[in-house]
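Read off the chains here:
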Amino acid sequence: MLQLAAGIGRLGTETAFEVLARANALAASGRDIINLGIGQPDFKTPPHIVEAGCKALRDGHHGYTPAAGIPELRAAVAADLHRRHGVTVDPGRVLIVPGGKVTMFFAILMFGEPGAEILYPNPGFPIYESVINFTGAKAVPIPLYEESGFSFDAGEVLARLTPRTRLLILNSPANPTGGAVPKAELDKLVAGLLAHPQVAVLSDEIYGQMLYDGRHHVSLLRYEELSERVILLDGWSKTYAMTGWRLGYSVWPKALFAAAERLAVNCHSCVNAAAQYAGLAALTGPQESIGVMVAAFDQRRRVIVRALNQLPGVRCVEPGGAFYAFPNITGTGYDARALEQKLLEEAGVAAIAGTSFGRYGEGYIRFSYASSTENIERAILRIRTALSRD
Ligand SMILES: Cc1ncc(COP(=O)(O)O)c(C=O)c1O
């Protein structure tokens, strides 16, 4: 009898991939499926980035690189952070990793063990809770509410800290809700954290360049007083439409960098070289593609939110960032999982039940609007028909 480690049984999953598999199976059987489930831009990686990756291979960059990443790329990340946030980051604290997920995995592994507590947003990216449980630490949810646009109340977060809390995970702009935390709330949180010096903060800012209605992203890196304990998670996946390249980065406090680099050496050795050169071209080349993509998302956001709010039993707050709408569906009479199934099987529309993002996601369903306006409009028509059949 094989005996697996107990932690494996505690791992959760990202159901978005399961819905994608079911949607693909239905499509393969001839059904016309509109996929509003998957969390990735429908744009192509800009051509100059693709070319830089191809050129790197042609130029012979096909060996290992330093575990922390090629020095030019680490320096380019630091320069980009300075340009966007006005912060000075030592490139020696930048770790290039294969995708944003790796940073969360490493950070949670670094702090999680039985007896420790880790706070995470709920509803939130499902891998936070999954990996916390894997380590044996206690996963303490920070409930996010529709009434506050799925931002958090700093007082509520601080009230959940105990002497056993080791890590606090934040994500703004957020998946799955599109919530964006206002600067005033972050200021309050940071001020309160000064009384809890044992708490590290993992700030997942992967959607940091996708904000709407004149909002500006405030990076946790900007708070000097937390510089010894903020871990930044960011990367290329969403901003440059590079989800399949598997490229991300983290910025670690000086004292944690060696441990992070050691995890990288133990895990993946280094990120594939060509992807790193592509990432370099992304950061140092023209940035216009981001504005074009975000303008398109903004226009689709307006379309989907208006349309969702006209569906019977559905109401949807305006998402402040990212590319997700997270409507309340309690008025339809369905729970989240049942509606997810009905929409996929009956309407041919893939969306993700809110419960895939934690128990506070019950009563909600996530639509990604990283899809054409035409697809969004067709999907809404089909949903209306499916709901009116009840
Ligand atoms: C909040 C959040 N963080 C991190 C990630 C992971 O990004 P990557 O594909 O670069 O691993 C995602 C991807 O959906 C996300 O939504």
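Given the structure is predicted, the values throughout are model-derived calculations rather than measurements. (Residues numbered from 1 in each chain as written. Predicted model: local features only at pLDDT ≥ 70, side-chain atom pairs only at ≥ 80, totals over all residues. Heavy atoms only, no water.)

A look at the packing of aromatic side chains
Next up, step 1: Counted by the stated rule, this structure contains twelve aromatic pairs.
Next up, step 2: Judged by centre distance (5.5 Å) and plane angle (85 degrees), the ring pair of Y207 and F323 falls under edge-to-face. Taken together, the residues span a long stretch of sequence, with Y207 in the loop between β6 (200-204) and β7 (230-235) and F323 in the loop between α11 (288-309) and β9 (324-325) at a distance of 116 residues.
Next up, step 3: Centre to centre, the rings of Y207 and Y324 are 5.7 Å apart; their planes meet at 85 degrees, and the pair counts as edge-to-face. Within this pair, whereas Y207 is found in the loop between β6 and β7, its partner Y324 is found in strand β9, the two being separated by 117 residues in sequence. There is no split in this pair, since Y207 and Y324 are both buried.
Next up, step 4: Counting every residue linked through ring pairs, the aromatic cluster contains F43, Y207, F297, F323 and Y324. (Phe/Tyr/Trp six-rings, centres within 6.5 Å; stacked < 30°, edge-to-face > 60°. Helix = DSSP H or I, 4+ residues; strand = E, 2+ residues; numbered from the N terminus. Buried < 20%, exposed > 50% of the residue type's maximum accessible area, 1.4 Å probe, protein only.)

So, the packing of helix α2 (residues 15-28) against helix α12 (residues 336-347)
Next up, step 1: Direction vectors running N to C along α2 and α12 enclose 25 degrees, while the axes themselves pass 11 Å from each other. Relative to α12, the element α2 lies roughly parallel. Crossing angle aside, the handedness with which α2 passes α12 is right-handed. Residues T15, V19, R22, A23 and L26 of α2 form the contact with α12, whose participating residues are R337, E340, L344 and E345.
Next up, step 2: Classifying every residue of the contact of α2 with α12 gives four nonpolar, one polar and four charged. (Axes fitted to C-alpha atoms, helices over the stretch in contact; angles between N-to-C directions. Parallel < 35°, antiparallel > 145°, perpendicular 65-115°, else oblique. Left-handed = near helix turned anticlockwise from the far one by under 90°. Contact = heavy atoms within 4.5 Å. Nonpolar A, V, L, I, M, F, W, Y, C, P; charged D, E, K, R; others polar.)

Looking at the pattern of salt bridges
Next up, step 1: Going through the model one piece at a time under the given rule, you end up with 25 salt bridges.
Next up, step 2: Taking the shortest distance from any N to any O, the salt bridge between D213 and R302 comes out at 3.5 Å. Of this pair, D213 sits in the loop between β6 and β7 while R302 sits in helix α11, and the two are 89 residues apart along the sequence.
Next up, step 3: When its relative accessible area of 38% is taken as the criterion, R302 is described as partly exposed.
Next up, step 4: The salt bridge partner of R301 is D298, with a shortest N-O separation of 2.9 Å. Placement of both R301 and D298 in helix α11 is noted, with a separation of three residues, approximately one turn of the helix. Note on accessibility: R301 and D298 belong to one class, buried. (Salt bridge = Lys/Arg side-chain N within 4 Å of Asp/Glu carboxyl O.)

Points about the site of the ligand
Next up, step 1: Neighbouring residues of the ligand: 14 residues in total, closest G100, D204, Y207, S237 and K238.
Next up, step 2: In this structure, Y207 approaches the ligand through a side-chain N or O atom, which is 2.7 Å from an oxygen atom.
Next up, step 3: Interatomic distance of 2.8 Å between a side-chain N/O atom of R246 and an oxygen atom of the ligand.
Next up, step 4: More than half of the atoms of the ligand fall within 2 Å of the grid points belonging to the largest pocket.
Next up, step 5: Taken together, the residues that form the shell around the ligand break down as five nonpolar, five polar and four charged. (Near = heavy atom within 4 Å. Polar contact = N/O pair within 3.5 Å; in protein donor to acceptor, adjacent residues only side chain to side chain. 1 Å grid on protein atoms, 1.4 Å probe; cavity = no way out; pocket = protein on both sides within 12 Å on 5 of 7 lines; lining within 4 Å. Sits in = over half its atoms within 2 Å of the grid points.)

Let's talk about the layout of surface pockets
Next up, step 1: The space that makes up the largest pocket amounts to roughly 450 Å³.
Next up, step 2: The wall of the largest pocket is formed by 25 residues, among which E14, G39, K101, F125 and K238 lie closest to the centre.
Next up, step 3: Among the residues forming the lining of the largest pocket, the class breakdown is eleven nonpolar, eight polar and six charged. (Points joined across faces, edges and corners; volume = space filled by probe spheres on them.)

Description of the environment of A139
Next up, step 1: Secondary-structure assignment places A139 in strand β4 (residues 138-143).
Next up, step 2: Each residue touching A139, except ones within four places of it in the same chain, is listed here: I118, Y120, E129, I132 and N133.

Quick look at empty space enclosed by the protein
Next up, step 1: Within the structure shown, the criterion is met by four cavities of 30 Å³ or more.
Next up, step 2: Of the pockets and cavities examined, the largest cavity occupies roughly 70 Å³.
Next up, step 3: The wall of the largest cavity is formed by P121, I142, L144, F150, F152, I169, L170, N171, A174 and V181.
Next up, step 4: The element contributing the most residues to the lining of the largest cavity is strand β5 (residues 165-171), with three residues.
Next up, step 5: For the lining of the largest cavity, the per-class residue count stands at nine nonpolar, one polar and no charged.

Some thoughts on the side chain of E14
Next up, step 1: Mapped onto the elements of the fold, E14 is located in the loop between α1 (6-10) and α2.
Next up, step 2: Taking relative accessible area as the criterion, E14 reaches 14% and is therefore assigned buried.
Next up, step 3: A distance of 2.7 Å separates a polar atom in the side chain of E14 from a polar atom in the side chain of K101.
Next up, step 4: In this structure E14 touches K101, F125, P126 and I127, once residues within four positions along its chain are discounted.

Quick look at the sheet that holds strand β11 (residues 352-353)
Next up, step 1: Strand order across the open sheet formed by three strands is β9-β12-β11, with antiparallel pairing between neighbours. In this open sheet, the two strands that pair with only one neighbour each are β9 and β11.
Next up, step 2: Across two bridges, the pairing between β11 and strand β12 (residues 365-368) is antiparallel. Of the residues in β12, the one forming a bridge with A353 is I365.
Next up, step 3: Docked against the sheet, α12 engages β11 and β12, running at close to 40 degrees with respect to β12. (Pairing = 2+ DSSP bridges.)

A look at the sheet that holds strand β8 (residues 248-251)
Next up, step 1: Strand order in this open sheet of seven strands is β2-β8-β7-β6-β5-β3-β4, and the pairing throughout is mixed. With one partner strand each, in any of the chains shown, β2 (94-97) and β4 form the two edges of the open sheet. The sheet shows a mean angle of 20 degrees between the axes of neighbouring strands, taken without regard to direction.
Next up, step 2: Strands in contact with helix α5 (residues 100-111) are β2, β3 (117-122), β5, β6, β7 and β8; relative to β7, the strand with the most contacts, it is inclined by about 160 degrees.

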